[in-house]
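# Coordinate analysis (summary)
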Amino acid sequence: MSIALTVWATAALGATLVVDPDGPIRTVAEAARIAQDDDVVEIGSGEYRGDVAVWLQKRLTIRGVGPTPPVMRADGRSAEGKAIWVLRSGTFHVENVAFEGARVPDLNGAGIRFERGRLMLRRCRFIDDENGVLTGNDAASELTVEDSEFAHAPRDRGPLKHLLYVGRIARFSVTGSRFHDAFEGHLIKSRARESYVAYNLLYDDADGKAGYELEFPDGGTAYVVGNVIGQSATTTNRAVVAYGAEGSYWDANALYLSHNTLLSDLETGTAFLRVWRDRPTPTRVVAINNLTVGRGSFAPAAGDRFQGNRALPRAAMQDARTLDFRLGRRSPLRGAGVAPPAIAGHSLAPDAEFALPLGTRPIRRPRVWTPGAFQTAK
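Source: prediction; values computed, not measured. (Residues numbered from 1 in each chain as written. Predicted model: local features only at pLDDT ≥ 70, side-chain atom pairs only at ≥ 80, totals over all residues. Heavy atoms only, no water.)

## What to know about the side chain of Thr 135
In this fold, Thr 135 is placed in strand 13 (residues 131-135). A polar atom in the side chain of Thr 135 sits 2.7 Å from the backbone nitrogen of Gly 167. Not counting chain neighbours up to four residues away, the residues in contact with Thr 135 comprise Phe 114, Leu 143, Tyr 165, Val 166, Gly 167 and Ile 169. (Helix = DSSP H or I, 4+ residues; strand = E, 2+ residues; numbered from the N terminus. Polar contact = N/O pair within 3.5 Å; in protein donor to acceptor, adjacent residues only side chain to side chain. Contact = heavy atoms within 4.5 Å.)

## A word on the sheet that holds strand 32 (residues 305-307)
With parallel pairing, the 12 strands of this open sheet are ordered in space as 1-2-5-8-11-14-17-20-23-26-29-32. Each having just a single partner strand, strand 1 (16-19) and strand 32 make up the two edges of the open sheet. Taking each pair of neighbouring strands and ignoring which way they run, the sheet shows an average axis angle of 5°. Direction of pairing for strand 29 (residues 284-288) relative to strand 32: parallel, over a ladder of three bridges. Bridge pairing links Ile 288 to Gln 307 in strand 32. (Pairing = 2+ DSSP bridges. Axes fitted to C-alpha atoms, helices over the stretch in contact; angles between N-to-C directions.)

## Points about unusual backbone geometry
Look at the link from Leu 356 to Pro 357: it is a cis peptide, with omega at 0°. Residue Asp 147 is not a glycine yet carries a positive backbone phi of 50°. Of note, Asp 147 is situated in the loop between strand 14 (142-146) and strand 15 (149-151). A relative accessible area of 24% means that Asp 147 is categorised as partly exposed. The phi dihedral of His 259 is positive, around 55°, even though this residue is not glycine. Mapping His 259 onto the fold places it in the loop between strand 26 (254-258) and strand 27 (261-264). (Buried < 20%, exposed > 50% of the residue type's maximum accessible area, 1.4 Å probe, protein only.)

## Structural notes on the nonpolar core
For soluble globular proteins, the rule of thumb is that nonpolar side chains tend to be buried together. Of all hydrophobic cores here, the largest spans 75 residues; its most connected members are Trp 55, Trp 85, Leu 143 and Phe 172. The element contributing the most residues to this core is strand 7 (residues 83-87), with five residues. Val 228, Leu 263, Leu 327 and Phe 374 belong to the second largest nonpolar core, which has 15 residues in total. (Core = buried A, V, L, I, M, F, W, Y, C linked by side-chain atoms within 4.5 Å.)

## A look at the packing of aromatic side chains
All chains considered together, the criterion is met by 11 aromatic pairs. An angle of 15° between the planes, with centres 4.8 Å apart, marks the rings of Phe 126 and Phe 150 as stacked. Here the residue Phe 126 occupies a position in strand 12 (residues 125-127), and Phe 150 occupies one in strand 15, the gap between them amounting to 24 residues. Its relative accessible area of 2% is what places Phe 126 among the buried residues. Taken together, the ring pairs connect Trp 55, Trp 85, Phe 99, Phe 126, Phe 150 and Phe 179 into an aromatic cluster. (Phe/Tyr/Trp six-rings, centres within 6.5 Å; stacked < 30°, edge-to-face > 60°.)

## Topic: the environment of Arg 191
Turning to its location among the elements, Arg 191 is positioned in the loop between strand 19 (188-190) and strand 20 (194-198). The contact partners of Arg 191, leaving out residues within four places of it in the chain, are Tyr 165, Val 166, Gly 167, Arg 168, Pro 217, Asp 218, Glu 246 and Trp 250. Looking at Arg 191, its side chain comes within polar contact range of the side chain of Tyr 165, at 3.1 Å. Separated by 2.9 Å, the side chains of Arg 191 and Asp 218 make a polar contact.

## Overview of the pairing of strand 28 (residues 270-275)
Taking burial as the measure, the six residues of strand 28 include five buried ones, the bulk of the element. Judged from the two bridges that link them, strand 28 and strand 31 (residues 296-297) form a sheet pairing that is parallel. From the neighbouring strand, Ala 271 faces strand 31, where its bridge partner is Ser 297.

## Overview of the environment of Ala 140
Summarising the element assignment, Ala 140 is placed in the loop between strand 13 and strand 14. Between the alpha carbons of Ala 140 and Ala 342 there is a distance of 27 Å; along the sequence they are 202 residues apart.

Structure follows, in structure tokens:
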């Protein structure tokens, strides 16, 4: 995908603070209290139980170091009744840290509550949290997620626990990340003005019970390229990708779906894409070279542009337990796609693929395109 994703990091011009149970800074909370703008906070491997924190700096890098990522385990505590970490207002880069077990009294706790500014998450893990990441609604904020995992929503805390919940911010992008085992909430819910979802594995697994796998309830401009997006047989909502369910909050509304593999394990059928057409602002939908697997509908409405999309029965796809969703070398669908167009200066052609367990691998532009999230064959 030739869409230019924002790449940025905090400027590492300050001191390096090391969190070590045997050192002068023994807790993350202490590091959050004393860190200054432009510092780097390094957290050693191990479990940090109940070590919750509010970060008030304007520019900061926080990263896990050591043989394994440090685990921020809530252990019944939260910062400000919101999250394991609260990032108040600044430019933050968080890398190689795990967040587990976020719980708060209002049932809306998060691994990270990101309130305002810019946040880059790279190689982080969010497990068993009421929300993995929950943002505020600041219209100028940006969130970027790379090579991270969101999984195992709690099943004892009420409904609608989203693995990743993006509020009404300016821009959101997620790449190379895996989402699975939700419970009644969605894998990703984004209200952002612009959303870029590329080269991820959003597959709920056999035991997952997500609602939507990917939802844009407020509309906006959404680019969805090169993802595997799949619902389990125990899903709580008969749609895989949903757009505009709550209206059109933003002035510009468009959904671009290119080279995604959309799966459903529902025997009774699903809507691989559901777009609400009764909203006041027109929505443009462009769907190019997507592959649907299983029983369900994926059809254009008046004014939509659908090209190169293909369908397969569920039995024709390799066992999902292997998480290998590539077509075989002899599949009749190999090379059955069309040339992906450029829309408003953004190419819908993928330039990478999701690579297990997390991350992406680059691909060369093929002579002929294959529908779905993978150009490489198994």
